[in-house]
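# Chain and residue survey
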Amino acid sequence: MKRLSLIICAAIIVACSALTASGQKHEHRAVWMSAFVGDWPTSPILASNPNAHKNICNNNLDSLQRNHMNAIYYHVRTMCDAMYNSAYEPWSNYVSGTRGVEPPFDPFAYLIENAHARGIEVYAWLNPYRYINSIYAEGYGDAGGDKNYENSHPDWLIKWQYSDGGSTRTWTILNPALEEVKQRIVDIVADIMSKYDIDGVVFDDYFYQSGLPMSYDATQYNAYKSAGGTLSQADWRRENVNDMVRRVNAYIKSTKPWVRFGIGPAGVACGTNQSSVAKNYGIEPCPGSDWQYNSIFSDPIAWFNEGSIDFMSPQVYWPISPGSSTDYQAISEWWYKMADKFNRHAYISQDLSNSSSQAAAFSEFSKEINVTRNADTKAASGTVYFPWKSLKSLTQRVDSKNQTLLNYLRYNTFQNVALPPIVTWVNTTCPGQVTNVSRSGRTLTWNGPDNVKFTVYAVPKSLSQAAFDKNEQCLKLVTYAKRCEIPAYNANYPEFGIADADLDNYNYAIAVLDRYGNEYSAVFEGATVKQSEKPVITYPTNGGKAGAAFNFTWTGSSLVYEIAIATDAQMKNTLVKREVTGNSIASGDVYDFDADKTYYCQVATRENNASEAISDVVAFSVDAFHIISPTTGATDCEDDLTITWSATNGVASHLVICKEVTMENVVYEATVNASQHQVPAYTLSGNVTYYAQVTAGDVASKVVSFTVKNIVPSKPTFVVPATSGATVYNNQCIEINPARGITQSRIEVSAKTTFPARTSYIVTSTNFGFKTAELQNAKLGSSALVDGTTYYARAKFSYYDESQKTKDTEYSDIVEFVYNANGGINIVGVGGIRFADGRISTGKADADVMVYGADGKLVLAGRTGADGTLSLNPLQPGVYMVKCTIDGKAQTIKIVK
């Protein structure tokens with residue numbers, strides 16, 4: 001152990017100003033590492049090659065360390081086997097060559113020991129249920145003996161035979177419904193935690209086998225139903241998975257609560273095809289299609305919602321592609337919103353083994369990392385790359401030299417050492433203080449608490465100790481030991497190490513980094529530790545309401561502080577922690593506060609060479625600019641609802657309503673000099689979720705979602721022709737009475753009452769259009785309408801039902817009309833309606849006005865004011881049909897603007 005503690009613990013001792021920092025002091029930078037895909041060990045560990053495998057391991061760890069990665073997800077269990085010394089399952093053939101045979105050394109123990117010596121975290125990666133796929137074998141036979149479940153517990157297994165390209169395959173999994181299986185998975189995690197000093201546990205997305213027929217676990221489901229169960233079989237399957245996750249988390253938190261538990265699900269959860277599931281959780285759907293919910297019965301948001309995991313590492317295996325259903329940016333941003341909502345972390349997983357990733361420019365990966373950093377609100381962004389071998393081997397020509405992706409990221413994105421994100425939702429206290437820091441040559445030693453890590457800083461002597469604020473440029477290494485070696489200069493890595501002649505040009509400082517990611521005060525070599533002055537929060541005041549934008553301020557003499565924001569006075573459910581230089585920080589740099597919600601704030605000192613002092617807790621709320629009504633997630637809203645928001649003190653407000661949470665696909669927008677606005681009828685569809693945002697000057701509200709109530713329209717009736725058999729002129733349109741809440745209207749004109757599609761004039765509108773173009777522009781197939789000929793018209797509406805499936809009304813009654821190609825209607829005015837000086841005049845207040853373009857689409861809707869007029873100035877020059885409804889009677893005129 002002494003030898004290991006003297007390994008070059010982080011190998012980055014340089015001047016604070018030598019690197020351009022990424023500004024990310026806390027960030028999860030991890031790799032999925034698996035013997036199953038040849039990461040490490042790259043081949044079985046045999047009696048003839050243990051040292052070779054150990055050398056490869058150490059080279060891997062050196063490479064990870066030097067390129068500022070800080071975590072490994074190591075595959076300890078692929079198919080009910082073990083890459084570690086398991087009490088329950090046989091050694092894996094992927095590490096020993098033969099299932100059930102122990103390798104010459106324990107690869108997991110060796111990896112943890114040497115990774116920790118370099119400050120790298122190690123997570124145990126398990127597949128919870130997968131047993132075997134017949135692509136590999138039909139069974140294991142005697143290999144592994146009774147530790148193979150086919151020998152000891154065949155009743156625990158579900159074997160599913162299916163056809164694959166003409167071949168019969170067999171998938172075998174542990175039955176998630178069985179109590180014995182749930183307990184075995186908990187026992188396996190407990191076994192690992194009792195033997196190995198792991199930092200986390202992570203499952204990937206092998207749950208129920210995709211496509212597994214319901215008949216294969218019908219016996220257990222029927223028993224559940226007989227005992228009074230009420231869930232559907234699909235919900236019951238999901239609950240079986242949820243229950244296993246719940247139990248694993250409970251064991252971890254009751255035993256070693258600092259061990260982080262996460263899952264790497266498929267990239268899209270609660271997708272647009274599962275919007276009702278998203279609605280149940282009070283969230284907007286994830287962009288893209290969710291296959292996992294009803295295929296492998298995985299419901300990731302259930303784990304967030306219950307708080308039964310610490311982090312999610314969704315497999316977002318797509319590039320940035322705006323507008324597509326697999327856009328890395330839109331999907332990743334959604335996951336970070338979920339992490340923020342449920343006060344957990346999200347670390348995006350990426351697959352480097354697929355052809356699109358291997359063909360992508362390296363700059364794409366930097367852009368993706370910046371997406372996660374921008375989306376993160378907790379100083380807890382993260383990326384996990386699969387597989388490790390691709391990260392270190394993918395090579396491109398960049399800046400006239402060959403670079404691996406790992407090197408590229410180090411120089412362009414991961415420029416500094418990063419600490420793990422802070423687990424804020426577990427209440428912690430300072431575990432103890434560093435003391436007695438000393439240096440002898442290249443060896444640094446100190447005293448400190450046990451079961452923690454330590455951060456090591458090299459601070460140029462040109463920077464005084466009093467002015468040092470633990471900036472990430474000076475952060476040089478993380479170690480689990482209470483000593484480390486300062487590495488010597490190496491020409492092959494000029495940014496690493498310190499030459500003998502330069503050792504005395506730095507002051508070295510050590511800080512406690514607890515297993516939850518909290519970093520405490522730094523202590524310099526030779527310093528005596530004093531007691532810090534207790535800070536006092538001066539703003540916001542206790543019980544007060546702060547403005548929309550404000551500064552947190554406090555008293556105290558420390559240079560560095562940590563501010564924490566929680567939802568409870570005991571600070572147990574902490575939302576965010578920020579390290580601050582000085583005695584104030586802008587609220588927007590701390591958290592995106594909701595309006596009128598009570599928060600709690602506490603400030604702790606992080607003074608150099610001093611022990612921690614903590615302020616009293618202060619309760620406060622924020623008068624943030626926000627939409628008051630509807631509240632986000634509101635349902636059963638009227639289609640002409642009134643939206644209200646914070647007062648703007650005379651500043652004009654701009655309301656935008658969209659169908660996408662990204663605020664794309666604008667449905668309606670309006671600029672008003674008020675703090676409320678009623679959405680016109682014939683704008684929003686029933687059973688559709690919309691997203692609204694208001695901006696006023698340079699402030700913007702949070703986006704709120706709302707769902708319009710169920711609206712079932714009647715079948716259409718006609719305005720033109722007013723009666724069957726009437727004459728319709730060439731400059732008239734076939735028009736139906738408008739219907740609210742619809743998604744589409746369809747008007748058909750034909751010379752036959754059967755309305756053959758190829759010879760009918762068909763107009764569909766998804767924008768609340770209720771008329772055709774002028775009949776002189778209509779075509780029946782390729783033929784114009786003929787003067788004096790009788791034609792027929794019919795129409796129908798489409799709408800969403802309560803399950804958001806498209807439904808159609810009945811067709812209207814068929815009406816006939818005689819076409820007149822020579823006459824025309826009065827286009828100046830009808831029934832007292834006039835257009836002049838850019839205003840439509842009805843002579844009556846609150847008359848509904850709907851304006852249609854030449855293509856029949858609704859372009860403007862509103863109501864006349866007290867003077868009986870409405871401005872049409874927003875319209876572009878052109879020809880329009882204006883429909884005015886007064887006392888329930890509709891009249892239409894044609895205008896030229």
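Here's a quick rundown of the structure. A quick note: this is a predicted structure, and the numbers were derived from the prediction, not measured.

Scanning the protein chain from N- to C-terminus turns up 16 helices and 57 strands. Viewed in the frame of its principal axes, the protein chain has a C-alpha envelope of about 105 × 70 × 60 Å. Across the 897 residues that make up the protein chain, the buried fraction comes to 57%. Within the protein chain, contacts between residues at least 6 apart in sequence are counted, and of these 69% link residues at least 24 apart. Carbon and sulfur atoms make up 47% of the accessible area of the protein chain, which totals about 34900 Å². Taken together, the 76 basic and 87 acidic charged side chains of the protein chain have centroids lying 2 Å from each other.

Using the criterion set out here, one finds 45 salt bridges in the structure. Here Lys253 makes a salt bridge to Asp310, at a shortest N to O gap of 2.7 Å. Here Lys253, found in helix 8 (residues 233–255), pairs with Asp310, found in the loop between helix 11 (300–306) and strand 9 (311–312); they are 57 residues apart in sequence, far enough to count as distant. Residue classification places Lys253 among the partly exposed positions, given a relative accessible area of 24%.

Moving on: the side chain of Gln403. Tracing the backbone through its elements, the reader meets Gln403 in strand 14 (residues 401–404). Residue classification places Gln403 among the buried residues on the basis of a relative accessible area of 7%. Apart from the residues lying within four places of it in its own chain, the contact partners of Gln403 are Phe362, Leu394, Thr395, Gln396, Val398, Tyr408 and Asn412.

All right, on to the packing of helix 2 (residues 50–66) against helix 4 (residues 107–116) then. Taken N-terminus to C-terminus, the directions of helix 2 and helix 4 make an angle of 35 degrees; their axes are 10 Å apart at the nearest point. Judged by the twist between their axes, the crossing of helix 2 over helix 4 is right-handed. Within the contact between the two elements, helix 2 uses Lys54, Cys57, Asn58 and Leu61 and helix 4 uses Tyr110, Leu111, Asn114 and Ala115. When its residues are assigned to classes, the contact of helix 2 with helix 4 shows five nonpolar, two polar and one charged.

A few words on the packing of aromatic side chains. Given two aromatic rings, one states the distance between the centres and the angle between the planes to describe the pair. In the structure shown here, the tally under the stated rule is 49 aromatic pairs. Plain terms: the ring middles of Tyr73 and Phe311 are 6.2 Å apart, the flat faces sit at 35 degrees to each other, and that makes the pair tilted. Of this pair, Tyr73 sits in strand 2 (residues 71–77) while Phe311 sits in strand 9; the two residues are 238 residues apart in sequence, bridging distant segments of the chain. For the pair Tyr73 and Phe311, a shared accessibility class is recorded, and that class is buried. What links up through ring pairs into an aromatic cluster is the set Trp40, Tyr74, Tyr84, Phe105, Phe108, Tyr110 and Tyr196. Here Lys54 stacks its cationic end above the ring of Phe105, 4.9 Å away from the centre of that ring.

Moving on: the pairing of strand 8 (residues 260–263). The alternating pattern of strand 8 places Arg260 and Gly262 and Phe261 and Ile263 on opposite faces, both of which are buried. Both strand 7 (residues 200–203) and strand 8 contribute to a ladder of four bridges, which runs parallel. Counterpart to Phe203 in the pairing with strand 8 is Ile263. Direction of pairing for strand 8 relative to strand 9: parallel, over a ladder of two bridges. The partner of Gly262 across the bridge, within strand 9, is Phe311.

An order of 51-52-55 is seen for the three strands of this open sheet, with the pairing classed as antiparallel. Either end of the sheet is taken by a strand with one partner, and the two such strands are strand 51 (834–836) and strand 55 (869–871). With strand direction ignored, the average angle separating the axes of adjacent strands in the sheet is 20 degrees. Note that strand 51 and strand 52 (residues 839–841) share three bridges and pair antiparallel.

Among the nonpolar cores identified, the biggest contains 117 residues, and Tyr74, Phe108, Ile192, Ile198, Ile301, Trp335 and Leu391 are the most heavily contacted of them. Take this core: its biggest share by element is eight residues, from helix 12 (residues 328–342). The contact partners of Ile198, leaving out residues within four places of it in the chain, are Phe108, Ile112, Val122, Ala124, Ile192, Met193, Val259 and Arg515. With 30 residues, the next largest nonpolar core counts Phe718, Phe768, Leu775 and Phe797 among its residues.

Moving on: helix 4. Where burial is concerned, most of helix 4 is hidden: eight out of the 10 residues are buried. All of the buried residues along helix 4 are Pro107, Phe108, Tyr110, Leu111, Ile112, Asn114, Ala115 and His116. The backbone nitrogen of Phe108 lies 3.0 Å from a side-chain oxygen of the residue at the head of helix 4, namely Asp106.

Trans is the prevailing form of peptide bonds, just as negative phi is the prevailing case for residues other than glycine. Across the junction of Phe386 and Pro387, the peptide omega takes the value -10 degrees, indicating a cis bond. Relative to the helices and strands, Pro387 is located in the loop between strand 12 (382–386) and helix 15 (388–393). Residues Ser629 and Pro630 are joined by a peptide bond in cis, for which omega reads 5 degrees. At Asn436, a residue that is not glycine, the phi angle is positive and equals roughly 55 degrees. Structurally, the position occupied by Asn436 is in strand 15 (residues 435–440). Backbone geometry at Phe755 places phi at a positive 50 degrees, although glycine is not the residue there. By the element assignment, Phe755 lies in the loop between strand 44 (744–750) and strand 45 (761–765). When its relative accessible area of 5% is taken as the criterion, Phe755 is described as buried.

Another point: empty space enclosed by the protein. Which parts of space are left empty comes out when a probe the size of a water molecule is rolled across the atoms. Taken as a whole, this structure holds three cavities of 30 Å³ or more when the rule is applied. Of the voids in this model, the second largest cavity is the one considered here, and its volume is about 70 Å³. As for the second largest cavity, its lining consists of Pro680, Ala681, Tyr682, Asp848, Val849, Met850, Ala861, Gly862 and Arg863. Elements supplying a minimum of two residues to the lining of the second largest cavity: strand 53 (848–852) and strand 54 (858–863). By residue class, the composition of the lining of the second largest cavity is six nonpolar, one polar and two charged.

About the cut-offs
Residues numbered from 1 in each chain as written. Predicted model: local features only at pLDDT ≥ 70, side-chain atom pairs only at ≥ 80, totals over all residues. Heavy atoms only, no water. Helix = DSSP H or I, 4+ residues; strand = E, 2+ residues; numbered from the N terminus. Buried < 20%, exposed > 50% of the residue type's maximum accessible area, 1.4 Å probe, protein only. Contact = heavy atoms within 4.5 Å. Areas by Shrake-Rupley, 256 points an atom, 1.4 Å probe, with all protein chains shown as cover. Lys, Arg positive; Asp, Glu negative; His and termini not counted. Charge placed at Lys NZ, Arg CZ, Asp CG, Glu CD. Salt bridge = Lys/Arg side-chain N within 4 Å of Asp/Glu carboxyl O. Axes fitted to C-alpha atoms, helices over the stretch in contact; angles between N-to-C directions. Left-handed = near helix turned anticlockwise from the far one by under 90°. Nonpolar A, V, L, I, M, F, W, Y, C, P; charged D, E, K, R; others polar. Phe/Tyr/Trp six-rings, centres within 6.5 Å; stacked < 30°, edge-to-face > 60°. Lys NZ or Arg CZ within 6 Å of the ring centre and 35° of its normal. Pairing = 2+ DSSP bridges. Core = buried A, V, L, I, M, F, W, Y, C linked by side-chain atoms within 4.5 Å. Polar contact = N/O pair within 3.5 Å; in protein donor to acceptor, adjacent residues only side chain to side chain. 1 Å grid on protein atoms, 1.4 Å probe; cavity = no way out; pocket = protein on both sides within 12 Å on 5 of 7 lines; lining within 4 Å. Points joined across faces, edges and corners; volume = space filled by probe spheres on them.

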